[in-house]
Structures are given as structure tokens and as C-alpha cells.
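These are the residues of each chain, in order.
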Amino acid sequence: GDPAPVTDELREALGAAPEEVRLGRDLMAVYATEEEVKDLSPNFDRVRDLHVLGVMVTAPGEAEGVDFVSRFFAPRAGIDEDPVTGSAHCTLVPYWADRLGKPDLHALQISTRGGELFCHYAPETGRVQIAGNAVSYLEGTIRI
């Protein structure tokens, strides 16, 4: 996304001003520390008023081997906080690959449920590959 200003509306919606903002389909707010991202307590009514589909917040990871962390808020889509968001990583991964100077990234989405993602960015094609582990919680058959 393109650089955007840190507005009062954004600061009030998220509860803390980020260091950097980028705007594409979604808004990306970059913080200095993982702790800042963890501690955010957004006002979802104000997030909804930002006129973007979603707001991703991100920071460098603090744990050994974790490149970056994120959270994703999408109250306009009926999801205050999404536990793990593949589409957000299509924006986050190129940003962090460029910032860190490497194509392979280990990411954590630090929502309450959380998720671990193993990502690869191919700048020559603009493609992002995302892998992770999943747990089946339901099996069934739909009869028509």
C-alpha cells in the first residue's frame, strides 16, 4: 500500500498511534513493538468508520525466529477481530520481506486464538505463499 498519515481518527480507533501507516484495500498500521500490538484494545465502532474493509496492525516479532506479528480487525465485514487472516498476509509479507531483506518469513497472528504462518514472497511475480498447520474440528456430510 501507499504511505498514509497517522490520523486522529486512526489513533482513536486503535487506541495508540502507530509509527507508520500504509493504505491499500485495507489499512496497515505498523508499531515498534509486539507488546504495543498485543495491548491494543480497539474501539470497533470507530474502526468501522475508517472506510476500509479491514485494519491490520503489525510489529517486529520478539520471540526467537519470529519475524513479525499481526492482528486483523474487520468490523465492516462483521468480524471485530479475525483469528488468522490469509488475505492480510498478502500485504504484510511483501512489506516485511522488503523491510527485513529476506523472502522467507515466520509470522504469528496474535489474536486470542492465534495462528502461526510460514510465508514466502516471490517479488518477481508478486506472489505470496502461506503455509501453516490446521486442526480438524468437524466432519460431516451435506445431504441435498
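Whatever comes next refers back to the structure up there.
Participant: Can you help me understand the overall build of the protein in this one?
Facilitator: When you go through the protein residue by residue, the secondary structure sums to 4 helices and 9 strands. Element order for the protein, N to C, with α for helix and β for strand: β-α-β-β-α-α-β-β-β-α-β-β-β. Taken against the 2.2 N^0.38 rule, which gives 15 Å for 144 residues, the C-alpha radius of gyration of the protein at 16 Å falls within 12% of a compact globule. Over its C-alpha atoms, taken along the principal directions, the protein stretches across nearly 50 × 40 × 30 Å. Here the contacts in the protein between residues at least 6 apart in sequence split such that 53% fall between residues at least 24 apart.

Participant: Can you help me understand the layout of surface pockets in this one?
Facilitator: Empty pockets left among the atoms are what a rolling probe the size of a water molecule brings to light. When its volume is computed, the largest pocket comes out at roughly 260 Å³. What lines the largest pocket is Val 84, Arg 113, Gly 115, Glu 116, Leu 117, Ile 130, Ala 131, Gly 132, Asn 133, Ala 134, Val 135 and Tyr 137. Listing elements by their share of the lining of the largest pocket, those giving two or more residues are β8 (115-122) and β9 (127-131). Broken down by element, the lining of the largest pocket gets its largest block of residues, 3 residues, from β8. Here the residues of the lining of the largest pocket sort into 7 nonpolar, 3 polar and 2 charged.

Participant: What should I look at first to understand the pairing of strand β4 (residues 55-60) in this one?
Facilitator: Across a regular strand the side chains alternate sides, sitting on one face of the sheet and then on the other. Counting buried positions along β4 gives 5 out of 6 residues, so the element sits mostly inside the fold. When β4 meets strand β5 (residues 68-74), the two strands line up antiparallel, connected through 6 bridges. Residue Val 55 lies in a different strand from β5, and its bridge partner there is Phe 73.

Participant: For this particular structure, what's the right way to read the nonpolar core?
Facilitator: Most often, soluble globular proteins have nonpolar side chains that are buried together. In terms of nonpolar packing, the biggest core is built from 19 residues, with Leu 14, Leu 27, Tyr 31, Val 55 and Val 57 touching the most fellow members. Residues contacting Val 55, with those up to four places away along its chain left out, are Leu 14, Leu 27, Val 47, Leu 50, Arg 71, Phe 72 and Phe 73. Listed in part, the 18 residues of the second largest apolar core include Phe 68, Tyr 95, Ala 97 and Val 128.

Participant: Explain the packing of aromatic side chains here, please?
Facilitator: Two numbers describe a pair of aromatic rings. These are the distance of the centres and the angle of the planes. Counted by the stated rule, this structure contains 3 aromatic pairs. Centroid distance Phe 44 to Phe 73: 5.9 Å. Interplanar angle 65 degrees. Geometry classified as edge-to-face. Of this pair, Phe 44 sits in helix α3 (residues 44-48) while Phe 73 sits in strand β5; the two residues are 29 residues apart in sequence, bridging distant segments of the chain. Taking the relative accessible area as the measure of exposure, Phe 44 reaches 21% and is therefore partly exposed. Centre to centre, the rings of Tyr 95 and Trp 96 are 5.2 Å apart; their planes meet at 90 degrees, and the pair counts as edge-to-face. In this structure Tyr 95 comes out as buried when scored by relative accessible area, which is 11%. The exposure class assigned to Trp 96 is buried, which follows from its relative accessible area of 0%. Of the aromatic side chains, those joined through ring pairs into one cluster are Phe 68, Tyr 95 and Trp 96.

Participant: Sorry, what's going on with the environment of Tyr 95 here?
Facilitator: Among the secondary structure elements, Tyr 95 is positioned in helix α4 (residues 86-100). Counting along the chain gives 26 residues from Tyr 95 to Tyr 121, while the straight-line C-alpha distance between them is 9.7 Å. Leave out the neighbours within four places in its chain, and Tyr 95 touches Glu 20, Arg 22, Met 28 and Val 30.

Basis of the calculations
Residues numbered from 1 in each chain as written. Predicted model: local features only at pLDDT ≥ 70, side-chain atom pairs only at ≥ 80, totals over all residues. Heavy atoms only, no water. Helix = DSSP H or I, 4+ residues; strand = E, 2+ residues; numbered from the N terminus. Rg over C-alpha atoms; globule rule 2.2 N^0.38 Å. Contact = heavy atoms within 4.5 Å. 1 Å grid on protein atoms, 1.4 Å probe; cavity = no way out; pocket = protein on both sides within 12 Å on 5 of 7 lines; lining within 4 Å. Points joined across faces, edges and corners; volume = space filled by probe spheres on them. Nonpolar A, V, L, I, M, F, W, Y, C, P; charged D, E, K, R; others polar. Buried < 20%, exposed > 50% of the residue type's maximum accessible area, 1.4 Å probe, protein only. Pairing = 2+ DSSP bridges. Core = buried A, V, L, I, M, F, W, Y, C linked by side-chain atoms within 4.5 Å. Phe/Tyr/Trp six-rings, centres within 6.5 Å; stacked < 30°, edge-to-face > 60°.

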